[in-house]
Amino acid sequence: MNINFTMLGSGAVRNNQRRGGPAQVLKIDNRVLMFDCGRYSCTNLARVGIKVETIDRLFLTHLHFDHIINVPYFVLLGWNNGRKNQLRIFGPEGTEQFVTRSIRPPFEQDISTRLGHGKDPFGLDPEVVEIREEGEFFAEEAYSISALFVKHAGDMPTFTYRVDVGDRRIVITGDGLPSQKLTEFCRDADLLVSECSGTPEFLAQYPWGAWHTTPKTLASMASEAGVKRVMIKHFVIEDITGDLTAAQRMADQISQSYDGEVIIGEDGLQVSIP
Ligand SMILES: [Zn+2]
Ligand SMILES: [Zn+2]
């Protein structure tokens, strides 16, 4: 069994030229699972040699635009390129409406010209699965996947996903705050890929700062959960301050109270799960 994680987009909302918006893939043998689909994610798929049309499982953590802005391009490009398998998009309540409104209506003229040339409509309309409850919601082949609601922006439903492959466990957060429940969800994970948006001093300056994880809270959660490796991402602090040392400083802060390996997410970075 070959399990390989690739960070596609380690950035957040802002137009950071070094970091695409949130997106990542987990490859389990030939199956590719994609998590979030932020700015630049399709281009970064090309950079790591994965064809968009070969991905037919997309999991959205929540509907903040930085995490989903590339979904129409992902769907339309996959259709254009000749998708072979039905695309299934999983996400929180609201995903169906987002997909229905963002693919066909704005691109009606484009779509009708292509269909007019005899293009097969297969692959244009994703099947959407809205996840309403926590826990395992899908399993196939060698893996199962579970979702946990995390506290993020007001009432916006936001998930952290966990993939279990035999006794291997990978946890991928969207945005949001650590909690006891999330700690249990991450128990003994081989890899925890977590947002780490900024230092407490930085986040305290903004009304949305309270929506996000800081190095210290992440470190204590990862320690308590017995997580083996942590990869951090979603560096809002870098976007706003322009300080390119911020991610390293946050990784150092995590290492002060967490013994496992801390990896700074970079676009295109691949990690295998032995
Ligand atoms: Zn975000
Ligand atoms: Zn968010």
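Provided above is the structure to which this section pertains.
All of these numbers come straight from a predicted model, not from anything done at the bench.

Q: Whenever I open this one, the overall build of the protein chain confuses me. Can you help?
A: Scanning the protein chain from N- to C-terminus turns up 10 helices and 14 strands. Computed over C-alpha atoms, the radius of gyration of the protein chain comes to 18 Å, within 12% of the 19 Å expected from 2.2 N^0.38 for 274 residues, which places it in the range of a compact globule. When each of the 274 residues of the protein chain is scored for burial, the buried share is 46%. Considering only residue pairs separated by 6 or more positions, the protein chain has 63% of its internal contacts joining residues 24 or more positions apart.

Q: What is the right way to read the sheet that holds strand 1 (residues 3–9) from this model?
A: Two pairing modes exist for strands in a sheet, parallel and antiparallel, and in both the strands are linked by backbone hydrogen bonds. The sheet built from seven strands is open, its strands ordered 6-5-4-3-2-1-14 with mixed pairing. The strands lining the two open edges of the sheet, one partner per strand, are strand 6 (127–130) and strand 14 (270–272). Here the strands of the sheet are splayed against their neighbours by 20° on average, with no regard to which way each runs. Where helix 4 (residues 95–102) meets the sheet, its contacts fall on strand 5 (88–91) and strand 6, and the angle it forms with strand 6 comes to roughly 155°.

Q: Is there a simple way to think about the sheet that holds strand 13 (residues 261–264) in this case?
A: Here we have seven strands laid out as an open sheet, ordered 7-8-9-10-11-12-13, and mixed in their pairing. Single-partner strands in this sheet number two, and they are strand 7 (135–140) and strand 13. Ignoring which end each strand starts from, the neighbouring axes of this sheet average 20° apart.

Q: Looking at this model, I keep getting lost on helix 5 (residues 108–116). Mind explaining?
A: Since there are 3.6 residues in each turn of an α-helix, residues three or four apart along the chain are aligned in direction. Among the nine residues in helix 5, zero count as buried, and that is only a small part of the element. Residue glycine 118 follows helix 5 closely and has a positive phi angle near 90°.

Q: What am I meant to see in unusual backbone geometry here?
A: Trans is the common state for peptide bonds, and a negative phi is the common state for residues other than glycine. Even without glycine at this site, glutamate 141 takes up a positive phi of about 50°. Here glutamate 141 shows up in the loop between strand 7 and strand 8 (143–149). By the C-beta count within 10 Å, which is 10 here, glutamate 141 ends up exposed. Positive phi values are uncommon outside glycine, yet aspartate 188 reaches one of about 60°. Within the secondary structure, aspartate 188 sits in the loop between helix 6 (180–185) and strand 11 (191–195).

Q: In this structure, what is going on with the nonpolar core? I would like to understand it.
A: Most often, soluble globular proteins have nonpolar side chains that are buried together. With 72 residues, the main nonpolar core has Ile170, Leu192 and Val230 as its most contacted residues. Not counting the four nearest positions on each side in its chain, leucine 192 is found in contact with Val171, Cys186, Ala222, Val227 and Val230.

Q: For this particular structure, what's the right way to read helix 10 (residues 246–257)?
A: Along its 12 residues, helix 10 runs 18 Å from first to last C-alpha, staying within 8% of the 16 Å computed at 1.5 Å per residue. Buried within helix 10 we find Ala246, Ala247, Met250, Ala251 and Ile254. Buried residues of helix 10 fall within an arc of 135° about the axis and therefore sit on the same side. Turned more than 90 degrees away from the buried face of helix 10 sit Gln248, Asp252 and Gln256, all of them exposed. The elements touched by buried residues of helix 10 are helix 8 (215–225), strand 12 (229–233), helix 9 (236–241) and strand 13.

Q: Please clarify how the packing of helix 8 against helix 10 should be interpreted in this entry.
A: For any two helices packed against each other, one specifies the inter-axial angle together with the distance between the axes. The geometry of helix 8 relative to helix 10 is characterised by a closest axis approach of 8 Å and an angle of 40° between their N-to-C directions. Considering the angle they form, helix 8 stands oblique to helix 10. Along this stretch, helix 8 crosses helix 10, giving a crossing that reads as right-handed. In this structure, helix 8 uses Pro215, Lys216, Leu218, Ala219, Ser220 and Ser223 to contact helix 10, whose residues at the interface are Met250, Gln253, Ile254 and Ser257. Grouping the constituent residues of the contact of helix 8 with helix 10 by class yields five nonpolar, four polar and one charged.

Q: Help me out: how do you make sense of the environment of threonine 199 in this one?
A: Relative to the helices and strands, threonine 199 is located in the loop between strand 11 and helix 7 (200–203). Taking the number of C-beta atoms within 10 Å as the measure of exposure, threonine 199 has 18 and is therefore partly exposed. With 38 residues separating them in the primary sequence, threonine 199 and isoleucine 237 have C-alpha atoms 7.7 Å apart.

Q: When you look at the pairing of strand 8 in this model, what are you seeing that I'm missing?
A: The side chains of a regular strand alternate between both faces of the sheet. In this structure, strand 7 lies alongside strand 8, joined through five bridges in antiparallel fashion. Its bridge partner being in strand 8, phenylalanine 138 is matched across the sheet by isoleucine 145. The antiparallel hairpin formed by strand 7 and strand 8 contains two residues in its connecting segment, where glutamate 141 sits at a positive phi of about 50°. Both strand 8 and strand 9 (residues 159–165) contribute to a ladder of seven bridges, which runs antiparallel. Looking across to strand 9, one finds that alanine 147 is bridged to tyrosine 161.

Parameters and conventions
- Residues numbered from 1 in each chain as written.
- Chains lettered and ligands numbered in written order.
- Predicted model: local features only at pLDDT ≥ 70, side-chain atom pairs only at ≥ 80, totals over all residues.
- Helix = DSSP H or I, 4+ residues; strand = E, 2+ residues; numbered from the N terminus.
- Rg over C-alpha atoms; globule rule 2.2 N^0.38 Å.
- Buried ≥ 20, exposed ≤ 12 C-beta atoms within 10 Å, placed from the backbone.
- Contact = placed C-beta atoms within 7 Å.
- Pairing = 2+ DSSP bridges.
- Axes fitted to C-alpha atoms, helices over the stretch in contact; angles between N-to-C directions.
- Core = buried A, V, L, I, M, F, W, Y, C linked by C-beta atoms within 7 Å.
- Expected span 1.5 Å × (residues − 1).
- Arc of directions from axis to C-beta.
- Parallel < 35°, antiparallel > 145°, perpendicular 65-115°, else oblique.
- Left-handed = near helix turned anticlockwise from the far one by under 90°.
- Nonpolar A, V, L, I, M, F, W, Y, C, P; charged D, E, K, R; others polar.

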